[in-house]
Amino acid sequence: MGVKTPVHSAMPRPTIRRVVGVWLGLWGLCISICLFPAVVYSITKHTIEDVRFHSTDATTRVVIEVDGTVSHAVGRLPQPDRLYIDLPKTALASDWARKQVEVGDGRLRAIRIAQYRNGVVRVVLDLQNWQEYRVFTLRQPYRIIIDLQDNHHTPSTARPSPGSSDFASPSPPSAAPPTIVIDPGHGGKDPGAIGPRGLHEKTVVLQVAKALQQVIRKELPHYRVILTRDQDVYVPLVERAHIAERERAQVFISLHANASRKRDARGIETWYLSFAANERAQETAARENNMSTSQLSDLERILLDLQETDRINQSAILAGMTQNALVDHLSERYGAIPNRGVEGAPFVVLLHTSMPSILVEVAFVSNPLDGKRLRSGQYQQALAQGIFQGVRQFLQHAMVKAE
Ligand SMILES: [Zn+2]
């Protein structure tokens, strides 16, 4: 929300050049004139474009966006507990309005932003309860990221279940078992895509989710498997992500079924969190987010802060493994299934999670053949098996990576 300010154009650089030209040869005078403006110029080299934050159950992320590469210094001050970030050679826009941003999420009370002294902007984080922080930078645009994290996570029994009896089971006192969260899309008042013969996406994906839960419980009995809903109820998108955060899931798998105006469109595609690279990606994201494509830009801005993190890469790997395993498994049993590939798009439900997260469009309810198969329990079982094989491959890969 920061406003761009033409700091550069306000600096007396053109004047310097003119002065140098006119007084060429009068070295002493030239140096005295040239050096002073040069110092002033270097003080405010870059402008703070924006300061923003977003919170998940586990992390508060503060983002300072600058119009170029700057250094930064971090310090901590007691009573009241606060972190400050000093940005040398920067200025706030002259009409910068937000001196303070209220947060109040339990870790961070507020963010204060001020021109601390000439040429140094200071961002102060008024802290509440938190244990750890890390500061790092991202590029294009240049951003300084401050993540505040709890060491101690709220136990999963703290809140009642919105849709799964698994919430009621008490967490073991020591290490929680590894957890997979499956998210059947839509539900309740939101049917999702509707096929020509009245097949509802919300119904099919719930059936596939339950089948997948059974497969994982059988094959990986040491895993907890939690559904974001286990009946035909509406659960808001952000709440679905919060369930995965609260349960500290290793992976988050959102299940959907596709629809197209072209009735012959069919096959499987898997999505992970990224920018909407093209029109089709934007359309799919807008449909699954229940918003118009024009509303995606705010999401995309938040995504800038997330995009280069390891989580996105891990999600892309999970998406690739799941997509390939699912297509292979089904093609062996049902003949060639169109592989529509893996793509990135800004899905709300994926944006608010911090673990590797994907969204699988298992078939097209709008296609007569896909729709017919989707109704059969046998096909749903095959879908669950295929997805499971991809997820298992990813968990093995992640385990190797961690060693
Ligand atoms: Zn959907």
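Reading the values: the criteria
- Residues numbered from 1 in each chain as written.
- Predicted model: local features only at pLDDT ≥ 70, side-chain atom pairs only at ≥ 80, totals over all residues.
- Pairing = 2+ DSSP bridges.
- Helix = DSSP H or I, 4+ residues; strand = E, 2+ residues; numbered from the N terminus.
- Axes fitted to C-alpha atoms, helices over the stretch in contact; angles between N-to-C directions.
- Buried ≥ 20, exposed ≤ 12 C-beta atoms within 10 Å, placed from the backbone.
- Arc of directions from axis to C-beta.
- Core = buried A, V, L, I, M, F, W, Y, C linked by C-beta atoms within 7 Å.
- Contact = placed C-beta atoms within 7 Å.

Let us look at the sheet that holds strand E9 (residues 132-138). The strand order E5-E1-E2-E10-E9 describes an open sheet built from five strands, whose pairing is mixed. The open sheet has two free edges, formed respectively by strand E5 (90-92) and E9, since each of these has just one partner strand. Ignoring which end each strand starts from, the neighbouring axes of this sheet average 30 degrees apart. In this structure, strand E2 (residues 59-66) lies alongside strand E10 (residues 142-149), joined through eight bridges in antiparallel fashion. Note that in E10 the partner of Arg61 across the bridge is Asp147.

Turning our attention to helix H6 (residues 279-289). Residues of H6 that are buried include every one of Ala281, Thr284, Ala285, Glu288 and Asn289, and no others. Down the axis of H6, the sector holding all buried residues measures 125 degrees, keeping them to one side. Just downstream of H6, Asn290 is the residue with a positive phi angle, here 60 degrees.

Strands sit in the order E3-E4-E8-E7-E6 across an open sheet of five strands; the sheet is antiparallel. Strand pairing shows two members of the sheet lacking a second neighbour, strand E3 (73-77) and strand E6 (100-102), which therefore form its edges. Pairs of neighbouring strands in the sheet enclose a mean axial angle of 15 degrees, with direction left out of account. Bridging between E3 and strand E4 (residues 82-88) involves five bridges; their strand directions are antiparallel.

A few words on the nonpolar core. In this structure, Val208, Leu212, Val251, Ile253, Ala257, Phe347 and Ile387 are the most contacted members of the largest nonpolar core, which totals 63 residues. Of all the elements, helix H4 (residues 201-219) adds the most residues to this core, at nine residues. Residues within four places of Leu212 in sequence aside, it is in contact with Ile182, Ala384, Ile387 and Phe388. Membership of the second largest hydrophobic core comes to 20 residues, among which are Val51, Leu92, Ile111 and Ile144.

Fair warning: the whole summary comes from geometry, so function is off the table for now.
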